[in-house]
Amino acid sequence: MVFVLGGPGAGKGTQCTNIVKEFGWCHLSAGDLLRAERATGSANAELINTYIREGKIVPVEITVKLLLAAMEKSETKKFLIDGFPRSLNNYEGWYDVVGDDVHVAFCLFFECPEEELERRLLARAQSSGRDDDNIESIRKRFKIFIEETMPVIDKFKAKDQLKLISSVQSIEEVWGQTKLLFKDL
Ligand code: C5P
Ligand code: MG
């Protein structure tokens, strides 16, 4: 398994799609799974809806359950987990439930300055249909990223499990570096 992190708009989903195409991994986006769960109108739908609009991190019990269910369904067992663990609560919740049963190769971090992320998200807002791609939600998501996700990045770094790629470059340049990490995995 590889965890894929980066600020909103850093290009996590884009690069994961490339990895799937070239190397046949299974891409699971925590945000996509939460949006799909919200759409089912299940007991958690309203809660998820509020959290996403506020850019807040959904309680880990919900997210881990969705991830494990999706992993169960996948034939390939090489997983790209995109947008998770997004907070220390996510991180601890994962290791409490899964422990060392799943081998984590590394955490891939796409680093990009906020001004560029904002520009991308506002451009994406024209077509994404996402109700959190508006300037108020975007600002909240940046704040949560700094406060809650950066400590997770630091944790992987301290464990010598962090691979950092600058994603301010073009999609092709980021891909050029990203694929080097996967070709021998
Ligand atoms: O990764 P993505 O931008 O699609 O995530 C959208 C939203 O989904 C986040 O802002 C957050 O509200 C929620 N999310 C979460 N926990 C995660 C990943 C996403 O609560 N691990
Ligand atoms: Mg995404």
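Okay, so let's go over this structure. All figures in this text were calculated on a predicted structure; none of them were measured in a lab. (Residues numbered from 1 in each chain as written. Chains lettered and ligands numbered in written order. Predicted model: local features only at pLDDT ≥ 70, side-chain atom pairs only at ≥ 80, totals over all residues. Heavy atoms only, no water.)

1. With respect to the site of ligand 1
Taken together, 17 residues sit near ligand 1, with Arg 35, Lys 56, Val 58, Gly 83 and Asn 90 positioned nearest. A distance of 3.0 Å separates a nitrogen atom of ligand 1 from a polar atom in the side chain of Asn 90. Between ligand 1 and Arg 130, the relevant distance is 3.1 Å, taken from an oxygen atom to a side-chain nitrogen or oxygen of the residue. If you list the elements that add at least two residues to the shell around ligand 1, you get helix 2 (30–39) and helix 3 (45–54). No other element matches the four residues that helix 2 contributes to the shell around ligand 1. (Near = heavy atom within 4 Å. Polar contact = N/O pair within 3.5 Å; in protein donor to acceptor, adjacent residues only side chain to side chain. Helix = DSSP H or I, 4+ residues; strand = E, 2+ residues; numbered from the N terminus.)

2. A closer look at the sheet that holds strand 1 (residues 2–6)
With parallel pairing, the five strands of this open sheet are ordered in space as 2-3-1-4-5. This sheet does not close on itself; its edge strands, each paired only once, are strand 2 (26–29) and strand 5 (162–166). Neighbouring strand axes in the sheet, compared pairwise and without regard to direction, differ in orientation by 20° on average. Direction of pairing for strand 4 (residues 106–111) relative to strand 5: parallel, over a ladder of five bridges. Bridge pairing in strand 5 places Glu 111 opposite Ser 166. On top of the sheet, helix 1 (residues 12–23) reaches strand 1, strand 2, strand 3 (79–82) and strand 4; it is set at about 170° to strand 3, its chief contact. (Pairing = 2+ DSSP bridges. Axes fitted to C-alpha atoms, helices over the stretch in contact; angles between N-to-C directions. Contact = heavy atoms within 4.5 Å.)

3. What about the pattern of salt bridges?
What the rule picks out here adds up to 12 salt bridges. The salt bridge involving Asp 32 is made with Arg 35; its shortest N-O contact spans 2.7 Å. Of the two residues, Asp 32 and Arg 35 both sit in helix 2, three residues apart, roughly one turn of that helix. Between Lys 183 and Asp 184 there is a salt bridge, with the nearest N and O atoms lying 3.3 Å from each other. On the accessibility criterion, Asp 184 (66% relative accessible area) is exposed. Taken together, the shared-partner salt bridges in this structure form one network comprising Arg 124, Arg 130, Asp 132, Asp 133 and Arg 141. (Salt bridge = Lys/Arg side-chain N within 4 Å of Asp/Glu carboxyl O. Buried < 20%, exposed > 50% of the residue type's maximum accessible area, 1.4 Å probe, protein only.)

4. Describing the side chain of Thr 178
Its place among the elements puts Thr 178 in helix 8 (residues 171–182). Of note is the side chain of Thr 178, whose polar atom sits 2.7 Å from the backbone oxygen of Val 174. Among residues more than four places away in sequence, those in contact with Thr 178 are Gln 15, Ile 19, Leu 108, Phe 110 and Ile 165.

5. With respect to the environment of Pro 151
Within the element layout of this structure, Pro 151 appears in helix 7 (residues 135–158). It is 24 Å that separates the C-alpha atoms of Pro 151 and Thr 14, two residues lying 137 residues apart in sequence. Excluding residues within four positions of it along the chain, Pro 151 makes contact with Leu 88 and Ile 146.

6. Let's talk about the packing of helix 6 (residues 114–128) against helix 7
Running from N to C, helix 6 and helix 7 point in directions that differ by 140°, and their axes come no closer than 11 Å. Regarding the angle of helix 6 to helix 7, the classification is oblique. As helix 6 runs across helix 7, the sense of the crossing is right-handed. Facing helix 6, whose interface residues are Glu 114, Leu 117, Glu 118, Leu 121, Leu 122 and Arg 124, helix 7 presents Ile 135, Ile 138, Arg 139, Arg 141, Phe 142 and Ile 146. In terms of residue class, the contact of helix 6 with helix 7 is made up of seven nonpolar, no polar and five charged. (Parallel < 35°, antiparallel > 145°, perpendicular 65-115°, else oblique. Left-handed = near helix turned anticlockwise from the far one by under 90°. Nonpolar A, V, L, I, M, F, W, Y, C, P; charged D, E, K, R; others polar.)

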